[in-house]
Amino acid sequence: MHSYDALLLPDPERQPEFYADVPVKRLLAWIVDIVLVAVLCLLALPFTAFTGIFFFPFLMLVVGLIYRTLTIAGGSATWGMRLMSIELRDRRGERLDFGQALMHTLGYSVSLAFPLLQAISIVLMLTGERRQGLTDLVLGTVMLNRRA
């Protein structure tokens, strides 16, 4: 059992529908979010007098950080996650607030910067009973199929 109160989150054995297909949905949501962030960055290029082309990966990082933090804080899911009908919940089963959204986004960004951490995170999502990535385990968050 984890340090969070498992009674407040759906039990993976008794309510597996909350965790069904979550890793695949996370991947699809990630693809949608990357495309959205790239489009936002392309739209921002004229406002940088096109110098953003020279630091486009950094621009993607900054815009992605802002996008993910604000969308997760605003509804516990990015637009890609919402499209896939999944959402993040904290250890109490509540939606993430701004601070939690920022910490989750920072954890995600760090894991992307280190491929080994990202690989560990993916393995955890595929094998763990609650389908949690590394950042989820550290913060006590969980990705669930959205309640009907």
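Rules of the game
Residues numbered from 1 in each chain as written. Predicted model: local features only at pLDDT ≥ 70, side-chain atom pairs only at ≥ 80, totals over all residues. Heavy atoms only, no water. Helix = DSSP H or I, 4+ residues; strand = E, 2+ residues; numbered from the N terminus. Rg over C-alpha atoms; globule rule 2.2 N^0.38 Å. Buried < 20%, exposed > 50% of the residue type's maximum accessible area, 1.4 Å probe, protein only. Areas by Shrake-Rupley, 256 points an atom, 1.4 Å probe, with all protein chains shown as cover. Lys, Arg positive; Asp, Glu negative; His and termini not counted. Charge placed at Lys NZ, Arg CZ, Asp CG, Glu CD. Axes fitted to C-alpha atoms, helices over the stretch in contact; angles between N-to-C directions. Left-handed = near helix turned anticlockwise from the far one by under 90°. Contact = heavy atoms within 4.5 Å. Polar contact = N/O pair within 3.5 Å; in protein donor to acceptor, adjacent residues only side chain to side chain. Pairing = 2+ DSSP bridges. Salt bridge = Lys/Arg side-chain N within 4 Å of Asp/Glu carboxyl O. 1 Å grid on protein atoms, 1.4 Å probe; cavity = no way out; pocket = protein on both sides within 12 Å on 5 of 7 lines; lining within 4 Å. Points joined across faces, edges and corners; volume = space filled by probe spheres on them. Nonpolar A, V, L, I, M, F, W, Y, C, P; charged D, E, K, R; others polar. Core = buried A, V, L, I, M, F, W, Y, C linked by side-chain atoms within 4.5 Å.

Engineer: Just checking my understanding: could you explain the overall build of the chain for this structure?
Structural biologist: Secondary structure summary: the chain contains 6 helices and 2 strands in total. Moving toward the C terminus, one meets the helices and strands of the chain in the order α-α-α-β-α-α-α-β. Taken against the 2.2 N^0.38 rule, which gives 15 Å for 148 residues, the C-alpha radius of gyration of the chain at 16 Å falls within 12% of a compact globule. Within the span of the chain, comprising 148 residues, buried residues form 39% of the whole. Element-wise, carbon and sulfur atoms account for 73% of the exposed surface of the chain, whose accessible area totals about 8400 Å². Here the chain carries 13 positive and 12 negative side-chain charges, and the mean point of each set is 4 Å from the other.

Engineer: What is the right way to look at the packing of helix H1 (residues 22–44) against helix H2 (residues 56–75) in this model?
Structural biologist: Two numbers describe a pair of packed helices, the interaxial angle and the distance between the axes. For the pair H1 and H2, interaxial distance at closest approach is 9 Å and the crossing angle is 115 degrees. Read as a crossing pair, H1 and H2 show a hand that is right-handed. On H2, the residues touching Trp30, Asp33, Ile34, Leu36, Val37, Ala38, Leu40, Cys41 and Leu42 of H1 are Phe56, Leu59, Met60, Val63, Gly64, Tyr67 and Arg68.

Engineer: Please explain the environment of Arg92 as it appears in this structure.
Structural biologist: Locating Arg92 in the fold gives a position in the loop between strand E1 (86–89) and helix H4 (98–113). Put simply, Arg92 and Gly140 are 48 residues apart on the chain and 8.9 Å apart in space, counted from C-alpha to C-alpha. Not counting the four nearest positions on each side in its chain, Arg92 is found in contact with Leu8 and Gln100. In this structure the side chain of Arg92 is engaged in a polar contact, spanning 2.9 Å, whose partner is the side chain of Asp90. Looking at Arg92, its side chain comes within polar contact range of the side chain of Glu94, at 3.5 Å.

Engineer: Looking at this structure, how should I read the pairing of E1?
Structural biologist: Across the two faces of E1 the burial is the same, with Ile86 and Leu88 and Glu87 and Arg89 all buried. As paired elements, E1 and strand E2 (residues 142–145) share 4 bridges and run antiparallel to each other. By the bridge assignment, Ile86 is partnered in E2 with Asn145.

Engineer: I keep staring at the pattern of salt bridges and nothing clicks. Help me out?
Structural biologist: A pair can form between side chains of opposite charge whenever their charged atoms are brought close. Scanning all chains against the criterion turns up 6 salt bridges. Two residues, Asp33 and Arg68, come together in a salt bridge whose shortest N-O distance is 3.7 Å. Here Arg68 lies in helix H2 and Asp33 lies in helix H1, a separation of 35 residues in the sequence. Measuring nitrogen to oxygen at the nearest pair gives 3.6 Å for the salt bridge that ties Arg95 to Glu87. For Arg95, a relative accessible area of 46% corresponds to the partly exposed category. Beyond isolated ion pairs, a larger network of salt bridges with shared partners links Glu87, Arg89 and Arg95.

Engineer: Is there a simple way to think about the layout of surface pockets in this case?
Structural biologist: If a probe as big as a water molecule is rolled over the atoms, it shows which places are left empty. Its volume calculated, the largest pocket comes out at about 520 Å³. Forming the walls of the largest pocket are 26 residues, and the residues nearest its centre are Arg26, Trp30, Tyr108, Gln118 and Met125. If you list the elements that add at least two residues to the lining of the largest pocket, you get H1, H2, H4, helix H5 (115–127) and helix H6 (134–139). A per-class count over the lining of the largest pocket returns 15 nonpolar, 7 polar and 4 charged.

Engineer: Help me understand the nonpolar core, please; the structure alone is not making it clear to me.
Structural biologist: Nonpolar side chains tend to gather and get buried jointly when the protein is soluble and globular. Val22, Ala29, Ile72, Ala77, Met81, Met84, Ile86, Leu88, Leu96, Ala101 and Met143 together form the largest nonpolar core, which totals 11 residues. When residues of this core are traced back to their parent elements, those giving at least two are H1 and E1. Those residues in contact with Leu96 that sit more than four places away from it in its chain are Ile72, Ala73, Ser76, Leu88, Arg89, Asp90, Ala101, His104 and Thr141.

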